[in-house]
Amino acid sequence: MARELIKEALSKALAAAREAGEVPGDLGVEAELRPPRDRRWGDISTNLPMVIASAANLNPRAVAQAMVARLDLPEEVVQKVEVAGAGFINFTLSPEWLRGVVRRVLTEGENYGRSDAGGGKKLLLEFVSANPTGPLAVVQGRAAAIGDTLANLLAHTGWRVSREYYVNDATNSTQVRRFAETLEARYLQHFGREAAVPEDGYQGDYVVEMAEELVKEQGERYLDMEPEERLSALTEYSLQRIVESQRRDMQAFGIEFDTWFLESSLYENHEVEATMDALKAGGYTYEAEGALWLRATELGDEQDHVLVRRDGRPSYLAADIAYHRNKFERGFDRLVDIWGPDHHGHITRLKAGVQALGYDAGRFEILIHQIVRLFRGSEMVRMSKRAGDIVPLSGLVDDVGKDAARFFFLMQSMESHLDFDLELAKKQAADNPVYYVQYAHARICSILRSAEEKGISLPEIEAVDLDLLGEPEELELMRKLADLPEEISQAAARYEPHRMTRYARELASVFHVFYTKCRVLGDDPALTGARLAMVTAARTALGIVLRILGVSAPERM
RNA sequence: GCGCCCGUAGCUCAGCUGGAUAGAGCGGCUGCCUUCUAAGCAGCGGGUCGGAGGUUCGAAUCCUCCCGGGCGUGCCA
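Residues numbered from 1 in each chain as written. Chains lettered and ligands numbered in written order. Predicted model: local features only at pLDDT ≥ 70, side-chain atom pairs only at ≥ 80, totals over all residues. Heavy atoms only, no water.

Participant: Would you take a moment to explain the overall build of chain A for this structure?
Facilitator: For chain A, the helix and strand inventory stands at 19 helices and 15 strands. Along the longest, intermediate and shortest principal axes, the C-alpha atoms of chain A span 85 × 65 × 40 Å. Out of the 557 residues in chain A, the part that is buried amounts to 52%. In chain A, once contacts between residues fewer than 6 apart in sequence are set aside, the share between residues at least 24 apart is 73%. For chain A, the exposed area adds up to about 25,600 Å²; of that, 45% sits on carbon and sulfur atoms. Separation between the mean location of the 66 positive side-chain charges and that of the 88 negative ones in chain A comes to 3 Å. (Helix = DSSP H or I, 4+ residues; strand = E, 2+ residues; numbered from the N terminus. Buried < 20%, exposed > 50% of the residue type's maximum accessible area, 1.4 Å probe, protein only. Contact = heavy atoms within 4.5 Å. Areas by Shrake-Rupley, 256 points an atom, 1.4 Å probe, with all protein chains shown as cover. Lys, Arg positive; Asp, Glu negative; His and termini not counted. Charge placed at Lys NZ, Arg CZ, Asp CG, Glu CD.)

Encoded structure:
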């Protein structure tokens, strides 16, 4: 890779400059090596001279000159090196090297851009994990898109990734109980019995619908049961139905979890108990006001938290600590959770619990994504499962399609609020950026079909004269292809999946420009062969990116 | 009150571990289809980077304070 070469040449030049006494000894500085802000300045740029100058109180341009004078880089890789601005060194890659990228993409195929940064280590990525008290909402779609794409990125960079969905199906959960009570009320109401939805119950119509289905399936079976028995039966029924619907929603959204982890299993296997015992043994608990508390304040939290309620039911936190203990015990090297913004307050206490158990909190990361605000035109839609004004993810997918929805969710960084206008998403489906990218892919496929019809086939890569590729539009396209491995590494390492939608649009853009300017299937067979090789490489790269995003790569549009 | 996220073009947002002339998409206006898909391309406009101080050779980026929006701060999950 050109980056590595440049990096090495820089450090050698720096060492030589030090020996000559032009630059002081080890300053412990770290410099960047990245594309300059304006690509006309070159392909790769470093601020190293400025960083050195800053630490040693020298003139940055002088340091840059001293280093450039000692740089030793092969001409077939780097065409031009220059000092620019306040003290940058800019490198322009040679056309020869760029052409080599085409060969590399064609050789590596689907594996182009892979790295072994993760070293085959095991990583558990938990995401969505919505309460089983209603259909998945739009905000969970955001979590799903972020999580799935991040999982793809991490897998692409050498991690063994497991996708996991945590099902809060514990029957001692207050919310699960409220939901069952709501269903019960709706069920009884169907038969004209006096029954009210609990004050903090679920107002949504979907509960009424579920009750109707229940009547259809089971008739009057629960009508005259003992209340506690009925409630427990309805709890089981609703949990099963809702989890099933969530699973269907995720499938329709193109996401397959490796594991649907049941909170109830933690109770069945006495892991919650065992976890509480371990916390007690470690001296991190105390009893007060009839409850068992976690000494979270000793572990960086602002307040202590209840682990076991006065009535003996473990809290959500207790189960969650047990759950993460379970994750560590399953042998994962790294744990990553993606949570919604409403769980932000939960981070410190869970980490406190994990630390109290003696696990390395540095191997456990929690990412918070921000909310999705839904608009119908200019009117904001308030969403609350309990109030019943819910816009289901399935409805969104039906409206705008899986591809557009996933792409849209990933166009913004996760820490930024996302405004989603339902009307606009529907009305402008054809203008959605996802089509811009998919169209580039379809166009390439169209060229390849056309070539086939004309009896032109892609020559063996050894037989292609890539030196014929020299138009500015061609060089731009190859430059962008060359960027892909670094884009993937950065997006994965920084947990920033939204970078990939940006890159996808850039890659599509340089292709569209090339397409407008240059003809692939022309009169010159050699040039045609070279361009066929290049657009085939572009298709491969686009395909990789779209697969990472979970967006389909259509051959026709 | 305290904690976290956000405030950048008309709209939606990138850029934020300090670096060059602050970018993109959408919307607006103007051109481009005999030839591999016009769901495309080219061009024109568009900015007190919420405000005020500070650190620095250099601040959208770091620090302090303030303003505005959102979320959290349960023996709910």
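Participant: It is not clear to me how the sheet that holds strand β10 (residues 305-308) should be interpreted in this structure. Could you clarify?
Facilitator: Read from one edge of the open sheet, 3 strands run β8-β9-β10, paired in antiparallel fashion. Here the strands that pair on one side only, and so sit at the sheet edges, are β8 (285-288) and β10. Along the sheet, successive strands turn relative to each other by an average axial angle of 45°, direction set aside. Looking at chain direction, β8 and strand β9 (residues 291-294) are connected through 4 bridges and run antiparallel. Residue pairing in the sheet places Tyr286 in a bridge with Trp293 of β9. Each of β9 and β10 is contacted by helix α11 (residues 316-329), which is oriented at about 75° to β10, the strand it contacts most. (Pairing = 2+ DSSP bridges. Axes fitted to C-alpha atoms, helices over the stretch in contact; angles between N-to-C directions.)

Participant: Whenever I open this one, the packing of helix α16 (residues 433-453) against helix α18 (residues 498-517) confuses me. Can you help?
Facilitator: Geometry of a packed helix pair, given as the angle between the helix axes and the separation of the axes. Where α16 meets α18, the axes come as close as 9 Å, and the angle between the chain directions of the two elements is 45°. The angle between the axes of α16 and α18 places the two elements in the oblique class. α16 and α18 meet at a crossing whose hand is left-handed. Contacts between α16 and α18 involve Pro433, Tyr436, Val437, Tyr439, Ala440, Arg443, Ile444 and Ile447 from the first element and Ala504, Arg505, Ala508, Ser509, Phe511, His512 and Tyr515 from the second. Residue classes in the contact of α16 with α18 are distributed as 11 nonpolar, 2 polar and 2 charged. (Parallel < 35°, antiparallel > 145°, perpendicular 65-115°, else oblique. Left-handed = near helix turned anticlockwise from the far one by under 90°. Nonpolar A, V, L, I, M, F, W, Y, C, P; charged D, E, K, R; others polar.)

Participant: Please clarify how the protein's contact with RNA strand B should be interpreted in this entry.
Facilitator: Every one of the 66 residues lining RNA strand B counts as a neighbour, but Phe88, Gln175, Tyr439, Arg443 and Ser446 are closest to it. Backbone atoms, meaning sugar and phosphate, form 67% of the atoms of RNA strand B found within 4 Å of the protein. Measuring from a sugar or linking oxygen of RNA strand B, one finds a backbone N or O atom of Gly345 at 3.4 Å. A distance of 2.6 Å separates a phosphate oxygen of RNA strand B from a polar atom in the side chain of Ser413. Among the secondary structure elements, those contributing two or more residues to the surface near RNA strand B are α2 (48-56), β4 (88-93), α6 (174-190), α16 and α18. The element that contributes the greatest number of residues to the surface near RNA strand B is α16, accounting for 8 residues. Class assignment for the residues of the surface near RNA strand B results in 23 nonpolar, 23 polar and 20 charged. (Near = heavy atom within 4 Å. Polar contact = N/O pair within 3.5 Å; in protein donor to acceptor, adjacent residues only side chain to side chain.)

Participant: Help me understand helix α17 (residues 472-493) in this model?
Facilitator: A turn of α-helix holds 3.6 residues, and therefore any two residues three or four places apart point the same way. Taking 1.5 Å per residue, 22 residues should reach 32 Å; α17 reaches 32 Å between its end C-alpha atoms and fits that length. Its maximal kink placed at Leu484, α17 deviates by approximately 35°, while the proline Pro485 follows within four residues. (Expected span 1.5 Å × (residues − 1). Bend = angle between axes of the 7 residues up to and from the residue.)

Participant: How should I be thinking about the nonpolar core in this particular structure?
Facilitator: Judged by nonpolar contacts, the single largest core of 125 residues is most densely connected at Val128, Met250 and Phe409. For this core, the element with the highest residue contribution is helix α19 (residues 525-549), accounting for 14 residues. Shared between two domains, this core holds at least three residues of each, these being domain 1 (2-93) and domain 2 (98-117 + 429-549). Excluding anything up to four places from it in sequence, Val128 contacts Leu136, Gln140, Ala143, Ala144, Tyr165, Met250, Phe257 and Ile338. Of all hydrophobic cores here, the second largest spans 33 residues; its members include Tyr166, Met276, Val308 and Ile368. (Core = buried A, V, L, I, M, F, W, Y, C linked by side-chain atoms within 4.5 Å. Domains from an automatic or database assignment.)

Participant: I would appreciate a short explanation of the pattern of salt bridges in the present structure.
Facilitator: Oppositely charged side chains can form a pair if their charged atoms are brought close together. Summed over all chains, the structure comprises 31 salt bridges. Put simply, Glu108 and Arg104 hold a salt bridge, and the shortest N to O gap is 3.9 Å. Residue Glu108 and its partner Arg104 are located together in helix α4 (residues 95-108), separated by 4 residues, close to a single helical turn. Looking at Glu108, the relative accessible area reads 32%, which means it is partly exposed. The shortest N-O distance in the salt bridge between Arg177 and Glu228 comes to 3.1 Å. (Salt bridge = Lys/Arg side-chain N within 4 Å of Asp/Glu carboxyl O.)

Participant: Looking at this structure, how should I read the packing of aromatic side chains?
Facilitator: The description of two aromatic rings rests on the distance between their centres and on the angle between their planes. According to the stated counting rule, one finds 18 aromatic pairs in the structure shown. Arranged with centres 5.3 Å apart and planes meeting at 90°, the rings of Tyr165 and Phe257 form a pair that is edge-to-face. Placement of Tyr165 in strand β6 (residues 160-167) and of Phe257 in the loop between α8 (227-252) and β7 (259-262) is noted, with a sequence separation of 92 residues between them. In this pair, the class of Tyr165 matches that of Phe257, namely buried. When the ring of Phe408 is compared with that of Phe420, the centres are 4.4 Å apart and the planes differ by 35°; the resulting orientation is tilted. Of the two residues, Phe408 is situated in helix α14 (residues 402-409) and Phe420 in strand β15 (residues 418-421); the sequence distance between them amounts to 12 residues. An aromatic cluster of at least three residues, connected via ring pairs, comprises Phe127, Tyr165, Phe257 and Trp260. Note that Lys121 overlies the ring of Trp159, its terminal NZ or CZ placed 5.3 Å from the centroid. (Phe/Tyr/Trp six-rings, centres within 6.5 Å; stacked < 30°, edge-to-face > 60°. Lys NZ or Arg CZ within 6 Å of the ring centre and 35° of its normal.)

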